[in-house]
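# What the coordinates show
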Amino acid sequence: MYKFTKPNVFFSKCLGFDSCRYNGEIIKDSFVESLKPFVNSITVCPEMSIGLGVPRNPIRVVCESNELILYQPKTEKEFTKEMNEFSDSYLKNLQDLDGFIFKKDSPSCGYKNVKVYNGTSKVTGSTKGSGFFGGRALELFPYIALEDEGRLYNYRIRNHFLTKIFISADFRKVKESNSLGELVKFRSTTLSFVYIVLKYV
Ligand code: SF4
């Protein structure tokens, strides 16, 4: 039987790994749960990593004087510098990664379609953008499989994501082996395996 290489996948920690949401909740996502046995999971909660506890007052992305800031309305505190520094140091140290699954809509983890408030006042309009951590990941890993749990409910997007992470993991192994034989084996077996996984995940 073909032995596949487990992809290394980053998950936002609240997606079934820890009760670290601002309100102490954990999110049980059925697709993430079914994927866990097939991958090596790497997780972090950026908001906890910059010292925000659980529970915590919610934060939001705000556009203020044409600059994006990470703002906590209740305390009127800003966490932009802390989150930017953490995102850079954490993401730049990730190695051999094959994909990311982020929590959608999060001002930290969301990588697209995150609400961006116009100004810090209570009554304010909004546009869409990236969360600080997810957006930085998108900049640093432009070619990697990168999605949020909401988009992965779309079968076509899920299919594409799974194909990408399993091919990436197998190709990593081929590169490490530096062997032409492994390259031929990769070409002939990886795609068949991906179709099998798609049937079960
Ligand atoms: S979305 Fe990201 S920052 Fe927010 S709770 Fe989940 S892991 Fe933590």
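From a predicted model like this one, the values you see are computed outputs, not experimental measurements.

### Thoughts on the sheet that holds strand E2 (residues 40–44)
Spatially, the four strands line up as an open sheet ordered E2-E1-E6-E9, and their pairing is parallel. Two strands in the sheet have a free side with no partner beyond their single neighbour: E2 and strand E9 (145–148). Shown here is a sheet whose adjacent strand axes are inclined to one another by a mean of 20°, direction ignored. As paired strands, strand E1 (residues 8–12) and strand E6 (residues 99–102) are joined by three bridges and run parallel to one another. When the sheet's bridge partners are listed, phenylalanine 10 is paired in E6 with phenylalanine 100. Where helix H3 (residues 80–92) meets the sheet, it contacts E1, E2 and E6, and its direction lies at approximately 160° from that of E2. Of the strands in this sheet, E1, E2, E6 and E9 are in contact with helix H4 (residues 132–140), which crosses E6 at around 160°.

### Side note on the side chain of arginine 172
Structurally, the position occupied by arginine 172 is in helix H5 (residues 155–177). In this structure arginine 172 touches Lys6, Pro7, Asn8, Asp96 and Asp98, once residues within four positions along its chain are discounted.

### What to know about the nonpolar core
Looking at soluble globular proteins, one finds that nonpolar side chains tend to be buried together. Counting residues in each nonpolar core, the largest one holds 26 residues, and the members touching the most others are Phe10, Tyr90, Leu91, Phe100, Phe102 and Phe133. When residues of this core are traced back to their parent elements, those giving at least two are H3, E6, strand E7 (114–118) and H4. Looking at this core, the element that brings in the most residues is H3, giving four residues. Those residues in contact with phenylalanine 100, other than ones at most four positions away along the chain, are Phe10, Leu91, Leu94, Ala137, Phe141, Ile144, Ala145, Leu146, Glu147 and Phe161. The next biggest cluster of nonpolar side chains, apart from the first, holds 16 residues, and it includes Leu35, Ala145, Leu152 and Ile157.

### Observations concerning the packing of aromatic side chains
Tallying each qualifying case throughout the model produces 13 aromatic pairs. Measuring from centroid to centroid gives 6.2 Å for phenylalanine 10 and tyrosine 90, while their planes differ by 70°, and the two rings are edge-to-face. Taken together, the positions of phenylalanine 10 in strand E1 and tyrosine 90 in helix H3 put the pair 80 residues apart, joining distant regions of the chain. Looking at phenylalanine 10, the relative accessible area reads 0%, which means it is buried. On the accessibility criterion, tyrosine 90 (18% relative accessible area) is buried. Taken together, a centroid distance of 5.9 Å and an interplanar angle of 20° make the contact between phenylalanine 86 and phenylalanine 133 stacked.

Conventions used here
- Residues numbered from 1 in each chain as written.
- Predicted model: local features only at pLDDT ≥ 70, side-chain atom pairs only at ≥ 80, totals over all residues.
- Heavy atoms only, no water.
- Pairing = 2+ DSSP bridges.
- Helix = DSSP H or I, 4+ residues; strand = E, 2+ residues; numbered from the N terminus.
- Axes fitted to C-alpha atoms, helices over the stretch in contact; angles between N-to-C directions.
- Contact = heavy atoms within 4.5 Å.
- Core = buried A, V, L, I, M, F, W, Y, C linked by side-chain atoms within 4.5 Å.
- Buried < 20%, exposed > 50% of the residue type's maximum accessible area, 1.4 Å probe, protein only.
- Phe/Tyr/Trp six-rings, centres within 6.5 Å; stacked < 30°, edge-to-face > 60°.

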